[in-house]
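Listed below are the residues making up each chain.
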Amino acid sequence: MRNDAARVAGEGWRPWLVGAGVALVAFWCLFPLYWTLKASFMDESAIIMGVANHAGGYTFDNYLRVLGLSSSDSIFGGQTRAIMAGFVNSALVALPAAAAGTAIATLAGYVLGRFEFPFKGPLLYVLLASRTLPPIALLIPYYVFFAAIGLAGSLFGLWIVYLTAVIPLLSWVLMGYFASLPVEIERAARMDGCTRWQMLRHVTLPMALPGIAAAFIIAFLVGWNDLLFAIVLTGGTSAQTLSAALLGLSPLMPGFRADLGLFAAASMLAALPPLALAMLFQRFITNLNIVDPVTSNTD
């Protein structure tokens with residue numbers, strides 16, 4: 001009886017503990033966004049007085065300056081123009097890299113998740129091992145190679161970098177997702193007369209849309225949020241991306257007078273495209289069931 005009472009008491013506390021854990025994680029993740037959003041509507045003097053204690057006097061001027069709709073002083077005039085150019089450049093490189101990387105990884109994931117062939121296991125772990133090196137270890141070889149062939153300072157060179165970064169990762173993720181899909185449906189489609197391509201197009205890919213959508217978002221975030229390769233390969237050029245342009249407004253940059261309100265506004269605008277993309281694909285990203293592609297059943 002005593003053990004039953006203790007078990008019932010423990011089950012009664014469990015929802016409260018789960019709720020407290022969720023609240024703590026939500027606060028940890030959302031408070032920096034709240035601070036940045038609030039600071040983006042404040043002028044510099046109010047931010048210096050304290051963002052947490054500020055209760056009024058909000059302004060849209062920081063956003064107008066970033067968008068080029070309000071006059072900026074001479075220190076930040078060129079940098080705010082670089083922000084808008086960075087938006088365009090980031091979109092031009094991140095979206096095509098995400099689309100091409102997801103398309104290639106989808107085909108690779110289907111083959112690796114559905115078929116058995118010699119050296120499949122070692123190939124899977126080679127793909128995984130290719131992502132174990134820290135990016136800084138690859139930065140100098142990329143820069144030397146691109147500088148030699150004239151791709152340094154170009155969006156095409158940055159596109160190649162992001163493509164080589166996302167294809168191994170997405171291939172590993174998607175082959176696990178394809179391996180988790182019921183193979184009986186594909187067999188039924190083949191029995192009904194579908195070719196392998198027709199089955200893939202009309203049966204398998206619609207079933208795999210949640211995994212493909214998640215892979216596309218991952219690939220987009222790699223290109224949109226990258227700073228290391230962007231600042232080295234395109235920093236200070238016409239191909240400079242958003243992350244590199246934001247660095248010019250950062251209060252951590254020496255030699256510039258920090259404008260925290262302007263930096264906060266630019267940061268919030270930079271978060272809008274990934275947020276909009278996540279909301280757009282939200283209905284596809286449900287019940288992702290990833291299994292081990294090495295040990296799962298294949299056709």
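As the structure is a prediction and not an experimental result, all values here were calculated from the model. (Residues numbered from 1 in each chain as written. Predicted model: local features only at pLDDT ≥ 70, side-chain atom pairs only at ≥ 80, totals over all residues. Heavy atoms only, no water.)

A look at the nonpolar core
Here is the rule: Put simply, buried Ala, Val, Leu, Ile, Met, Phe, Trp, Tyr and Cys residues joined by side-chain atoms within 4.5 Å make one nonpolar core. Three labels apply to residues, based on accessible area from a 1.4 Å probe with only protein chains included: buried if under 20% of the type maximum, exposed if over 50%, partly exposed otherwise in between. Here a helix means four or more residues in a row that DSSP labels H or I, a strand means two or more in a row labelled E, and each is numbered from the N terminus. Whether two residues are in contact is decided by their heavy atoms, any of which lying within 4.5 Å being enough.
With 41 residues, the main nonpolar core has Val-66, Ile-83 and Leu-242 as its most contacted residues. Within the residue set of this core, elements represented by two or more residues are helix 3 (61-66), helix 4 (77-114), helix 7 (155-180), helix 9 (196-207), helix 10 (209-225), helix 12 (242-249) and helix 13 (260-280). Sort the elements by how many residues they give to this core and helix 10 lands first, with eight residues. Ignoring any residue separated from it by four or fewer positions in sequence, one finds Leu-242 in contact with Ile-83, Gly-86, Phe-87, Ser-90, Trp-224 and Ala-270. Within the second largest apolar cluster, eleven residues are counted, among which are Ala-97, Leu-139, Phe-146 and Leu-233.

Some thoughts on the side chain of Asn-89
Cut-off, in case you're wondering: Whenever a nitrogen or oxygen atom comes within 3.5 Å of another N or O atom, the pair is scored as a polar contact, on the condition that within protein one atom can donate a hydrogen and the other can accept it, and that pairs from neighbouring residues in sequence are kept only if both atoms are in side chains.
Along the chain, Asn-89 falls in helix 4. Within the local environment of Asn-89, its side chain forms a polar contact with the backbone oxygen of Ser-238, the two atoms lying 3.0 Å apart. A polar contact of 2.8 Å, which involves the side chain of Asn-89, links it to the backbone oxygen of Gln-240. Those residues in contact with Asn-89, other than ones at most four positions away along the chain, are Leu-155, Ser-238, Ala-239, Gln-240 and Thr-241.

With respect to the packing of aromatic side chains
The geometry of an aromatic ring pair is captured by two quantities: the separation of the ring centres and the angle between the planes. Counted only if it meets this: Pairing of aromatic side chains requires ring centres within 6.5 Å, counting the rings of Phe and Tyr and the six-membered ring of Trp. Pairs whose planes differ by under 30 degrees are stacked, by over 60 edge-to-face, and all others tilted.
Applying the stated criterion to the full structure yields 14 aromatic pairs. When the centroid spacing of 5.8 Å and the interplanar angle of 45° are considered together, the rings of Phe-145 and Phe-146 count as tilted. Overall, Phe-145 belongs to the partly exposed group, its relative accessible area being 49%. One aromatic cluster in this structure is built from Tyr-142, Phe-145, Phe-146 and Phe-229.

Description of the UniProt feature "transmembrane region" (unreviewed entry) in the protein
For clarity, the cut-off: UniProt positions are given in the numbering used here, feature names are shortened, and annotations may be inferred rather than shown by experiment.
Per the UniProt annotation, the sites labelled "transmembrane region" (unreviewed entry) are residues 12-35, 91-112, 124-144, 156-179, 200-221, 227-248 and 260-281. Here residues 156-179 runs as 100% helix and 0% strand, with 33 Å between its end C-alpha atoms.

As for helix 8 (residues 183-191)
Formally: The directions considered for the arc are those from the helix axis to the C-beta atoms.
Every buried residue of helix 8 is listed here: Val-183, Glu-186 and Ala-189. Each buried residue of helix 8 sits inside an arc of 120° when the element is viewed along its axis, so together they form one side. Exposed and oriented more than 90 degrees from the buried face of helix 8 are Glu-184 and Met-191. Positive phi shows up at Gly-193, right after helix 8, with a value of about 105°.

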